Amino acid sequence: MSPQLMLASADNIDFMIHGIFSYEIFGQTVWITTSHVCLLIVTITLLIFFFIGGQVFKHAKEIPGGLQCALEMMVEFLDGITDNAMGNKGKGFRNYIGVLFVFILFSNISGLLGLRPPTADYGVTLPLGLITFVLIRANEFKYNNLWAIWKDKCSPLPPWLPIWLPINIISDVAVPISLSLRLFANILSGLVMMTLVYGLLSKIAIGWPAALHVYFDLFSGAIQTYVFCMLTVTYIGSAIGDNEESVLKRMLKKKKA
Amino acid sequence: MEFNDNFILGCSAIGAGLAVIAGIGPGVGQGIAAGYGASAVGRNPGAQGKIMSTMLLGQAVAETTGLYGLLVAMLLLFVKPLLMK
């Protein structure tokens, strides 16, 4: 018996990433996979969508039509995510969070079109988590001085007793990992469930898997998108703290006064 | 002592099954969250939208541990890290 016996009964179960072609660069073999192709399709769709949206807003009317109404509602919703969590300071993050939301949403629901969702590839979600990590740390250093950061890192204990420091650092490092793994595992589990339904029950899978698609692709995908954006915004907001202005601005003001 | 591939694969399958037991915790947690959400809507039906979104957010975060278990199971079954190549 071969070790491949596990999937012996179903040859058509396949949710893995496949390489399409490879090329050599600096002695390393680099594969272009199905994830890249699906990402490209999602990105092109988004670009077309953004172009149409830009044209609609460029010729915006006093009394909005249907498309303009829908787009305005969408933009208001996306701005609301940052404004609810960060208030006035969130203005600079509206663009990033908006694009992030639309990108992850389109990636997640691309399973409806028969694509393999790009977010079911850890190579796609880990960079998103790392961008969040960089944003958190950069804004922490932008809005807080070093003493405040040190005090925050030793937080349950007084700042001259940094026993809690390594634990706080570990919990900071765990943020991008848990963020990216959450999105990845959710979308992957949906993908595996759908593949199992189509692979094992292929004879009777007519029509009714659409209900499963609504749950696994639309509902789960939308919830995870919202969670990712919401957590990103919350982490950045808590890293900034109560400071209204950046450290540099405050220092300049002190010099002037 | 040397183990053959089938033995390791069988143990991996058992391990995957044990890893998915992690799904119990999030199930209980999400149920509790949904129950409190329902009672909150009963007390204040006007705030249904906000309660709903808060509940879903908390449930999605609580789901993470279960998904880690699922991830371990998937790694054991499909990547087969214990199998020597």
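Rules of the game
Residue positions are given per chain, counting from 1 as you read along its sequence in written order. Numbering of ligands from 1 and lettering of chains from A proceed in the order in which they are written. Owing to the predicted nature of the model, reporting of local features is limited to residues with pLDDT of at least 70; listing and counting of side-chain atom pairs is limited to 80 or more, with chain, interface and lining totals taken over all residues. Hydrogens and waters are ignored; side-chain quantities use all the structure's heavy atoms. A run of H or I in DSSP counts as a helix once it spans at least four residues, and a run of E counts as a strand once it spans at least two, with each numbered from the N terminus. We compute the radius of gyration over the C-alpha atoms and compare it with the globule rule, which gives 2.2 Å times the number of residues raised to the power 0.38. Relative accessibility thresholds used throughout: buried, under 20% of the residue-type maximum; exposed, over 50%; partly exposed, between the two (1.4 Å probe, protein chains only). The contact criterion used is simple: two residues touch if any of their non-hydrogen atoms lie within 4.5 Å. Accessible areas in this description were obtained via Shrake-Rupley with a 1.4 Å probe; residue shielding takes into account the shown protein chains only. Lys and Arg are tallied as positive, Asp and Glu as negative. Neither His nor the chain termini are counted. To locate a charge, take NZ of a lysine, CZ of an arginine, CG of an aspartate or CD of a glutamate. Two strands are said to pair when DSSP picks up at least two bridges between them. Take the buried residues of types Ala, Val, Leu, Ile, Met, Phe, Trp, Tyr and Cys, join any two whose side-chain atoms come within 4.5 Å, and each joined set is a nonpolar core. The predictor's confidence in any single residue is recorded as pLDDT, a number from 0 to 100. Reported buried area values correspond to the accessible surface (1.4 Å probe) lost by two parts on association, with both partners' losses combined. Salt-bridge detection follows one rule: a side-chain nitrogen of Lys or Arg within 4 Å of a carboxyl oxygen of Asp or Glu. Under the scheme applied here, ten amino acids are nonpolar (Ala, Val, Leu, Ile, Met, Phe, Trp, Tyr, Cys and Pro), four are charged (Asp, Glu, Lys and Arg), and all others, including Gly, are polar. Angles here are taken between N-to-C directions and fall from 0 to 180 degrees, while the axes themselves are lines fitted to C-alpha atoms, restricted in helices to the stretch in contact. Note on angle classes: values under 35 degrees are labelled roughly parallel, values over 145 roughly antiparallel, values of 65 to 115 roughly perpendicular, and the remainder oblique.

### Some words on the overall build of chain A
In step 1: In terms of helices and strands, chain A carries eight helices and two strands.
In step 2: Written out in order from the N terminus, the α and β elements of chain A read β-β-α-α-α-α-α-α-α-α.
In step 3: The C-alpha atoms of chain A give a radius of gyration of 23 Å, which is well past the 18 Å a tight globule of 257 residues would have.
In step 4: Considering chain A as a whole, with its 257 residues, one finds that 39% of them fall into the buried category.
In step 5: Within chain A, contacts between residues at least 6 apart in sequence are counted, and of these 63% link residues at least 24 apart.
In step 6: When the accessible area of chain A is evaluated, it comes to approximately 15200 Å², of which 70% is carbon and sulfur surface.
In step 7: Treating the 18 positive side-chain charges of chain A as one cloud and the 16 negative ones as another, the clouds have centres 11 Å apart.

### Here we look at the pairing of strand β1 (residues 19-25) of chain A
Residues and elements named next belong to chain A.
In step 1: The sheet contact formed by β1 and strand β2 (residues 28-33) spans six bridges and is antiparallel. When the sheet's bridge partners are listed, Phe21 is paired in β2 with Ile32.
In step 2: Taken together, β1 and the strand that follows it, β2, pair antiparallel across an intervening segment of two residues, in which Phe26 is found at a positive phi of about 55°.

### Points about the nonpolar core
In step 1: Among the nonpolar cores identified, the biggest contains 43 residues, and Ile81, Phe93, Ile104, Leu188, Phe228 and Ile236 of chain A are the most heavily contacted of them.
In step 2: For this core, the secondary structure elements donating two or more residues are α1 (34-58), α2 (66-86), α3 (94-109), α4 (122-143), α6 (165-200) and α7 (209-240) of chain A together with α3 (48-79) of chain B.
In step 3: Sequence-distant contacts of Ile104 of chain A, defined by excluding residues within four places in its chain, comprise Thr119, Leu128, Leu183, Thr225 and Phe228 of chain A.

### A closer look at the confidence of the model for chain A
Residues and elements named next belong to chain A.
In step 1: When pLDDT is averaged along chain A, the result is 86; 95% of the residues meet or exceed 70.
In step 2: Looking across chain A, the model is least confident in helix α8 (residues 247-256), with a mean pLDDT of 81, and most confident in α4, with 93.
In step 3: Throughout residues 1-9 the model reports pLDDT below 50, and contacts reaching past four residues in sequence, or to other chains, amount to 11 contacts.

### Overview of the interface of chain A and chain B
In step 1: With 25 residues of chain A in contact, the opposing surface of chain B contributes 17 residues.
In step 2: Note on chain A versus chain B: buried area summed over both sides is about 1800 Å², and carbon and sulfur give 77% of it.
In step 3: Scanning the region where chain A abuts chain B turns up zero salt bridges.
In step 4: For the side of chain A that touches chain B, the elements supplying multiple residues, two or more each, are α6 and α7 of chain A.
In step 5: Here the residues of the side of chain A that touches chain B are counted per class, giving 18 nonpolar, six polar and one charged.

### Comments concerning the confidence of the model for chain B
Residues and elements named next belong to chain B.
In step 1: For chain B, the mean per-residue pLDDT works out to 88, and 98% of the residues sit at or above 70.
In step 2: No element of chain B has a lower mean pLDDT than α3, at 87, and none a higher one than helix α2 (residues 24-43), at 94.
In step 3: Across the predicted assembly, pTM comes out at 0.85 and ipTM at 0.78.

### Brief notes about the environment of Ala185 of chain A
In step 1: With respect to the helices and strands, the residue Ala185 of chain A is situated in helix α6.
In step 2: Between the alpha carbons of Ala185 of chain A and Tyr122 of chain A there is a distance of 8.8 Å; along the sequence they are 63 residues apart.
In step 3: Those residues within four positions of Ala185 of chain A in sequence are excluded, and the remaining contacts are Leu67 and Leu71 of chain B.

### Quick word on the packing of α2 of chain B against α3 of chain B
Residue and element names in this part refer to chain B.
In step 1: One can describe the packing of α2 onto α3 by two numbers: an axis separation of 9 Å at closest approach and a directional angle of 170°. By the angle between their axes, α2 is roughly antiparallel relative to α3. Residue-level contacts link Pro26, Gln30, Ala33, Ala34, Gly37, Ala40 and Val41 of α2 to Gln48, Ile51, Met55, Gln59, Ala62, Glu63, Thr65 and Gly66 of α3.

### Some thoughts on the pattern of salt bridges
All names here are of chain A.
In step 1: Enumeration over the complete set of coordinates arrives at seven salt bridges over all chains.
In step 2: Between Asp83 and Arg94 there is a salt bridge, and its shortest N-O distance comes to 2.6 Å. Of the two residues, Asp83 is situated in helix α2 and Arg94 in helix α3; the sequence distance between them amounts to 11 residues.
In step 3: The exposure class assigned to Asp83 is partly exposed, which follows from its relative accessible area of 28%.
In step 4: Three or more residues joined by partner-sharing salt bridges are found here, namely Arg137, Glu140, Asp152, Lys153 and Asp172.

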